[in-house]
Protein chains: 2
Amino acid sequence: MKILEDRIRRDGVVKAGNVLKVDSFLNHCMDVELFRQMGLEWKRLFADRPINKILTIEASGIGIACIVAAEFGVPVVFAKKAQSINLDGEMYTTKIESFTHKKSYDVIVSKKFLSPDDHILVIDDFLANGCAINGLIELIDEAGATVEGVGIAIEKGFQQGGKLIRERGIRLESLAIVESMDDTTGEVVFRNN
Amino acid sequence: MKILEDRIRRDGVVKAGNVLKVDSFLNHCMDVELFRQMGLEWKRLFADRPINKILTIEASGIGIACIVAAEFGVPVVFAKKAQSINLDGEMYTTKIESFTHKKSYDVIVSKKFLSPDDHILVIDDFLANGCAINGLIELIDEAGATVEGVGIAIEKGFQQGGKLIRERGIRLESLAIVESMDDTTGEVVFRNN
C-alpha cells in the first residue's frame, strides 16, 4: 500500500537489531486517518469474506482494529495479556512470546466473545516471527470460529511469521512488507506485491 | 447520554465490590458504532475548545480514543504502562495506581508527542478514584501542554475522582455517571445531568 510505504520511508526510523520504529504514526502516536485508509484497503482485499468480527491483541493493535472495524461495520474483540480481576468466568487462553519485550505471557479472550458462528479478521500492527498472530489463531481455533484472514500493517518479510501463516493456507494481507532495512543508512526496502 | 445509559442497563453486570462489568461493549468486546456516537457527543460538548490531540492510556482507552479522534480529525497518543525497548530517548513519566489491578505502575509518553503547542482532550473508559486521569494530566503538565478537557465514558459518581477533577477547574464530561449500583438486584442508578 503506497501511502503506508511512503509514510514508513518518511517517518519510520531504523534501529540496530532489526527494529523499525513507527511510533510517530502507528503505535504510540496514532494517525487515525491513515488507519481509515488502511481499513478501506483491507475492506477491498477481504470483500469476498463474510467477516463479522475483528480480533486483535492489546495494546498497539487496538487502535487500528477499531478504525478498521468501523469501516467493516463490525465489533472488535481484543485479547488481553494478563488476567484481570474484571475478567471472570470462562476464557480461552494461550501463551505467546514477545519479540519486542523478550518474554512470554498468557493471552486470554472471554468465551462470551468468540463462538463457532464467528468469521474473524485478525488485525495487528506488526508481524515478525508470528507468535502473537499464531496465538490469536489458536484462540479462534479453540472457539471453533473461522479465521477469514489476517491483516497486518507492517510485515517484516525477512522473518518467518508471514511465510508460515501463508503456508497454512491462511489469507494474509500485509499492507507493507519490509524486505530489508539498514540502520546505518536508514534505508527500507519493500517487497513488490 | 441516554444510549450509553440504556446500554449499561441492558448489558452491564454489577458485581460485588463496586465492579461494573461492561466488557460486552466497552472494554473487551468493543461496539465501535457506540464509540462513534460517543465521539459525536464529545465533539458537541467540546465544540468551543481548540483540541488538536487526544491522549489516553493503554489498553482499554485506546479503542474509544481512536474512534473519537476520527470524529475530531486529530491524532491519538496513548500513554504506555511500562518501558519498552522500542521507546528510546526522552519521555515524560509518572506513576499511577490501578483500582482494577490493585498495583502501581509507571506510565510514559515520548516527549516527541506532547509539546507546549498541544491542546489535549483526555479520553478514557472509566473514572473511579481518578488515578489514571490524574497521571495523564501530570504528563500534560510536564509537557507544558493545555488540558482542554476530559471525556469519560462511565464515571463512578460515588467515588472521588470526578469531584476532585472538577474542583481543579478542569472541564470533565462523563457520558454516564453511576450514582449507585446494587450487585444483589443488578440495578444501576445514574445521576441526572
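Here, the structure is the one placed above.
Residues numbered from 1 in each chain as written. Chains lettered and ligands numbered in written order. Predicted model: local features only at pLDDT ≥ 70, side-chain atom pairs only at ≥ 80, totals over all residues. Heavy atoms only, no water.

Asks: How do you make sense of the packing of helix α3 (residues 60-72) of chain A against helix α3 (residues 60-72) of chain B when you look at a structure like this?
Replies: How two helices sit against one another is set out by the angle between their axes and by the gap between those axes. One way to put it is that α3(A) packs onto α3(B) with a least axis distance of 8 Å and a crossing angle of 50°. Taken together, the axes of α3(A) and α3(B) lie oblique to each other. Two packed elements cross with a definite hand, and for α3(A) against α3(B) that hand is right-handed. Along the contact surface, α3(A) presents Ile62(A), Gly63(A), Cys66(A), Ile67(A) and Ala70(A), while α3(B) presents Ile62(B), Gly63(B), Cys66(B), Ile67(B) and Ala70(B). The residue inventory of the contact of α3(A) with α3(B), partitioned by class, reads eight nonpolar, two polar and no charged. (Axes fitted to C-alpha atoms, helices over the stretch in contact; angles between N-to-C directions. Helix = DSSP H or I, 4+ residues; strand = E, 2+ residues; numbered from the N terminus. Parallel < 35°, antiparallel > 145°, perpendicular 65-115°, else oblique. Left-handed = near helix turned anticlockwise from the far one by under 90°. Contact = heavy atoms within 4.5 Å. Nonpolar A, V, L, I, M, F, W, Y, C, P; charged D, E, K, R; others polar.)

Asks: Just checking my understanding: could you explain the sheet that holds strand β10 (residues 172-181) of chain B for this structure?
Replies: Strand pairing in a sheet relies on backbone hydrogen bonds, with the paired strands running either antiparallel or parallel. Taking strand neighbours across the sheet as the criterion, the seven strands line up as β3(A)-β5(B)-β4(B)-β8(B)-β9(B)-β10(B)-β11(B) in an open arrangement whose pairing is mixed. Lying at the two open borders of the sheet, with one neighbouring strand each, are β3 (29-30) of chain A together with β11 (188-190) of chain B. Together, β3 of chain A together with β4 (53-57), β5 (76-79), β8 (119-127) and β9 (146-156) of chain B form the strand contacts of α3(B), whose direction differs from that of β4(B) by roughly 170°. (Pairing = 2+ DSSP bridges.)

Asks: What am I meant to see in the interface of chain B and chain A here?
Replies: Frequently, the measure chosen for interface size is the accessible area that the parts lose on association. Taken residue by residue, the interface counts 38 residues in chain B and 38 residues in chain A. At the boundary of chain B with chain A, total buried surface from both sides reaches about 3,200 Å², with 64% on carbon and sulfur atoms. Our count for the chain B to chain A interface comes out at two salt bridges. We note a salt bridge from Asp23(A) to Lys112(B), for which the minimum N-O separation is 3.3 Å. (Buried area = accessible area lost by both parts, 1.4 Å probe. Salt bridge = Lys/Arg side-chain N within 4 Å of Asp/Glu carboxyl O.)

Asks: Quick question: what am I supposed to make of the relation of the copies chain B and chain A here?
Replies: Copies of the same chain, two in number, are related to each other by a rotation about an axis and a translation along it. Here chain B sits on chain A after a turn of 180° about the axis and a move of 0.0 Å along it, with an RMSD of 0.0 Å. The two molecules are tied by a two-fold rotation axis, judged by turn and shift. Same-surface contact between copies: 100% of interface residues of chain B are shared with the interface of chain A. (Least-squares fit on C-alpha atoms with pLDDT ≥ 70 in both.)

Asks: What should I look at first to understand the state of the cysteines in this one?
Replies: Covalent bonding between the sulfur atoms of two cysteines is what defines a disulfide. One pass over the structure, following the stated rule, counts zero disulfides over all chains. Here Cys29(A) is not disulfide-linked; the sulfur of Cys66(B) is the nearest cysteine sulfur, at 10.0 Å. Take Cys29(A): its relative accessible area is 8%, and that puts it in the buried class. Here Cys66(B) is not disulfide-linked; the sulfur of Cys66(A) is the nearest cysteine sulfur, at 6.8 Å. (Disulfide = S-S within 2.5 Å. Buried < 20%, exposed > 50% of the residue type's maximum accessible area, 1.4 Å probe, protein only.)

Asks: For this particular structure, what's the right way to read the layout of surface pockets?
Replies: With a probe scaled to a water molecule rolled over the atoms, the places where space remains empty come into view. Put simply, the second largest pocket is a space of about 270 Å³. Where the lining of the second largest pocket is concerned, the elements lending two or more residues are α2 (32-45) and α3 of chain A together with α2 (32-45) and α3 of chain B. Looking at the lining of the second largest pocket, its residues break down into eight nonpolar, one polar and seven charged. (1 Å grid on protein atoms, 1.4 Å probe; cavity = no way out; pocket = protein on both sides within 12 Å on 5 of 7 lines; lining within 4 Å. Points joined across faces, edges and corners; volume = space filled by probe spheres on them.)

Asks: How should I be thinking about the sheet that holds strand β5 (residues 76-79) of chain A in this particular structure?
Replies: On the basis of which strands lie adjacent, the open sheet formed by seven strands has the order β11(A)-β10(A)-β9(A)-β8(A)-β4(A)-β5(A)-β3(B) and mixed pairing. Either end of the sheet is taken by a strand with one partner, and the two such strands are β11 (188-190) of chain A together with β3 (29-30) of chain B. Across three bridges, strand β10 (residues 172-181) of chain A lies against β11(A) in antiparallel orientation. Each bridged residue has a counterpart across the sheet, and for Met181(A) the counterpart in β11(A) is Val188(A). Of the strands in this sheet, β4 (53-57), β5, β8 (119-127) and β9 (146-156) of chain A together with β3 of chain B touch α3(A), which is tilted by about 170° from β4(A). Seen against the sheet, helix α4 (residues 131-143) of chain A touches β4, β5, β8 and β9 of chain A and runs at an angle of roughly 165° to β8(A).

Asks: For this particular structure, what's the right way to read α3(B)?
Replies: Since the α-helix advances by 3.6 residues per turn, residues separated by three or four positions end up pointing in the same direction. All names here are of chain B. Between its first and last C-alpha atoms α3 spans 19 Å; for 13 residues at 1.5 Å apiece the expected length is 18 Å, and the two agree. Most of α3 is tucked away: ten of the 13 residues are buried. Of the positions making up α3, those classed as buried are Gly-61, Ile-62, Gly-63, Ile-64, Ala-65, Cys-66, Ile-67, Val-68, Ala-69 and Phe-72. Positive backbone phi, approximately 70°, marks Gly-73, located one or two places after α3. (Expected span 1.5 Å × (residues − 1).)

Asks: For this particular structure, what's the right way to read the pattern of salt bridges?
Replies: Side chains carrying opposite charge are able to pair once their charged atoms draw close together. All names here are of chain B. In the structure shown here, the tally under the stated rule is 38 salt bridges over all chains. The salt bridge involving Asp-6 is made with Arg-9; its shortest N-O contact spans 3.9 Å. Separated by three residues within a single helix, Asp-6 and Arg-9 lie in helix α1 (residues 2-11), roughly one turn from each other. For Asp-6, a relative accessible area of 32% puts it in the partly exposed group. For Arg-9, a relative accessible area of 49% puts it in the partly exposed group.

Asks: Explain the side chain of Asp31(A) to me, please; I cannot follow it from the model alone.
Replies: Residue and element names in this part refer to chain A. For Asp-31, the location among the structural elements is in the loop between β3 and α2. A distance of 2.7 Å separates polar atoms of two side chains, one belonging to Asp-31 and the other to Arg-7. Beyond its immediate sequence surroundings of up to four residues, Asp-31 is in contact with Arg-7 and Phe-25. (Polar contact = N/O pair within 3.5 Å; in protein donor to acceptor, adjacent residues only side chain to side chain.)

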